[in-house]
Structures are given as C-alpha cells and as structure tokens.
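Below are the chains, spelled out letter by letter.
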Amino acid sequence: MLLCRFGSNQLGVVRDNNVYEVTKVLSDLPQYSYPFPTHDVLIANLDSSRPRIQQLASQSKPIPLSQIKLLAPVANPGKIIAAPVNYLKHLEEARTDSEIHHSNQVGEIQRVGLFLKATSSLIGVSEPVQIAHPNRRNDHEAEVVVVIGKAGRNISAKNAMEHVAGFCAGLDMTTRGPEERSMRKSIDTYSVLGPWLATADEVPDSSILNFRLTVNGEERQKANTKDLVIDIPHLIEFASSFYTLHPGDLIYTGTPEGVGTVNPGDTIVMELDNVGNITVKVQALGAV
C-alpha cells in the first residue's frame, strides 16, 4: 500500500497516478487528551486500520496526483535519526574534500554513531527546500528512509524488520560548516520525505534497493542499499541500543558518494525502487 498525506492533512491511497481519499479513517484512531503522545498515532495503528483504509479507498473517486499538494507522509515523528557516512565511497569523499569536512574529523559510523535532526526540519515533496545560508555551500544527500512501525528498545538485527512500517525516499539537506551535523542539517525544510509511505510489503527486499538523484537532469548520485556500511536491520539494532524507537520515528540510512551543491532555481529528482520518485524545487529563503 502506498499511503500519502495531502492538501489540508488529508489521507490517501496512491494507485496508478491517482489518489483515493481515506481521511475518514483518522476519526477511528484512539483519541488522546493532554499530554499528547510523542509518537505518530496513525503509524502506531496502521496495521489495524488497513482493512478500513482499503474499504474507503474502494469507495473513493480518483484524484489525479498532479492536482494535489503532497505533505510529509509521516505527520508526527518523535525523532529523526540519521546515519552519517554510511557508504564507504562517501566517507572517502568527505575525508578528502575540505569543503565537506571543514577541518572536522570524519570518523567511521561505527565509531561516531548516529545523530538526530530536528523534526521542525521535515517537509513533504511539494514544498521547496529553502536555502537559509546562501553564502555557504548547501548540498543534497539522497537517502532511503525507514519508518518505524512498532516500539522497541534493544531490538536485535534478527527481529528488526518486524518493527518497520515502511519506507520513503528522503533528502538529508546539508549546510557545510564547522558546526555539529545536527545543527547544520536541522534547518527548516532540510529533511525532505516522500513522496508517500510505501508499506513494508511493497518492498520485498530493502537490502537491494536502487536509488538515483539528479539535479537539473544531471546525475549526481546512484547507489544500492547493498553497499551500506551498516545495513538497515543493524541500523535499527544500533539506534535502539541508545534510545527507544517509537511508531513514526524516521531513520535516514545514509547517503552515497556524489553529494553536491544546490542553489535557488535548481530541481532535485530522486528515484527509489519500489517506493516512488520525488521532485523538489530549491529556492532562496523567503522567496515566493
């Protein structure tokens, strides 16, 4: 199932370039009072909601994808976890390019660990990336994103995929500089997610996913998840050994070599097997 959020927080199922609205299922979700949960309630109840979603989709009229604004498919992630230099060739380019490392030591992921991005940086693919610091280098980083579906702590790699709700394409946008990653990558609009959530059954084998990124039609990045230094099950194991994972948490699994600069006016396209393609515009902060 391909599940999208669109318009004014509406929910839809994507089929053959059309969206079938299923927003009514949201009224069936558990209701909470303050303090509200720190996880995504829809993702937490996705399995039990699936029959109702399918029923509503069968009763809905198709809306062409071209007519809607896609929002981030996960509305309320409790945290965004990201894996630095998780492809060997990207580690090599980060160490050799001074405009990337800015005299910071670039260590192996096994040693430096993961980092967190602010949830306020999250956008859907219909919104533009806004360059807030045009006097600095701003890079694209294409990534496969894992959406956690079931809570857990100290999850073993063997059982990790049982905790996955699905997958999205993602851009971990980055401003280069001497600051910590979590600051330079948490700028508003610098976590792109979309185009929709492909539930786990749509991705038969996440260990061999091809993906590709172009800027203005020029290929910049092309990779396969088989080349991850720490694969998806072990990333989940690694992350959950430090903090509890909750439904809706996002894991950006790392970017391959080929990261490069983007500027206002550019168009970024990322294609991800079994999930979908995203097209994102880049503009200056405050531009209309």
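Below is a summary of the structure that appears in this document. (Residues numbered from 1 in each chain as written. Predicted model: local features only at pLDDT ≥ 70, side-chain atom pairs only at ≥ 80, totals over all residues. Heavy atoms only, no water.)

**As for the state of the cysteines**
According to the stated counting rule, one finds zero disulfides in the structure shown. No disulfide involves Cys168; its sulfur sits 11 Å from the nearest other cysteine sulfur, which is in Cys4. (Disulfide = S-S within 2.5 Å.)

**Considerations on helix α2 (residues 46-59)**
For α2, spanning 14 residues, the distance from its first C-alpha to its last is 19 Å, which sits close to the expected 20 Å at 1.5 Å a residue. When the local axis directions of α2 are compared, the greatest deviation, roughly 30 degrees, occurs at Arg52. Looking at α2, one finds that the buried residues are Leu46, Ser49, Arg50, Ile53, Leu56 and Ala57. At its buried positions, α2 is contacted by β1 (2-6), β2 (10-15), β3 (18-21), α1 (41-44) and β14 (191-199). (Helix = DSSP H or I, 4+ residues; strand = E, 2+ residues; numbered from the N terminus. Expected span 1.5 Å × (residues − 1). Bend = angle between axes of the 7 residues up to and from the residue. Buried < 20%, exposed > 50% of the residue type's maximum accessible area, 1.4 Å probe, protein only. Contact = heavy atoms within 4.5 Å.)

**Topic: the packing of aromatic side chains**
Here a ring pair, both rings aromatic, is described through the centre-centre distance and the interplanar angle of the planes. Tallied over the entire structure, the rule returns three aromatic pairs. Considering the side-chain rings of Tyr34 and Phe36, the 6.2 Å spacing of their centres and the 85 degrees angle between planes classify their relative orientation as edge-to-face. The same class applies to Tyr34 and to Phe36, which are both exposed. Their ring planes at 75 degrees and their centres at 6.0 Å tell us that Phe238 and Phe242 sit as a pair that is edge-to-face. If you follow Arg15 out to its NZ or CZ, it ends over the ring of Tyr20, 5.8 Å from the centre. We note Lys117 situated over the ring of Tyr252; from NZ or CZ to the ring centre the distance is 5.6 Å. (Phe/Tyr/Trp six-rings, centres within 6.5 Å; stacked < 30°, edge-to-face > 60°. Lys NZ or Arg CZ within 6 Å of the ring centre and 35° of its normal.)

**Topic: the pairing of strand β20 (residues 276-284)**
Where strand β9 (residues 129-131) meets β20, three bridges bridge the pair, whose relative direction is parallel. Each bridged residue has a counterpart across the sheet, and for Ile131 the counterpart in β20 is Ala284. With six bridges joining them, strand β19 (residues 267-272) and β20 adopt antiparallel strand pairing. The partner of Thr267 across the bridge, within β20, is Lys281. Hairpin connection, β19 to β20: the antiparallel pair is bridged by three residues, and Asn274 has positive phi, about 70 degrees. (Pairing = 2+ DSSP bridges.)

Everything listed is a geometric property; what it means functionally is a separate question.
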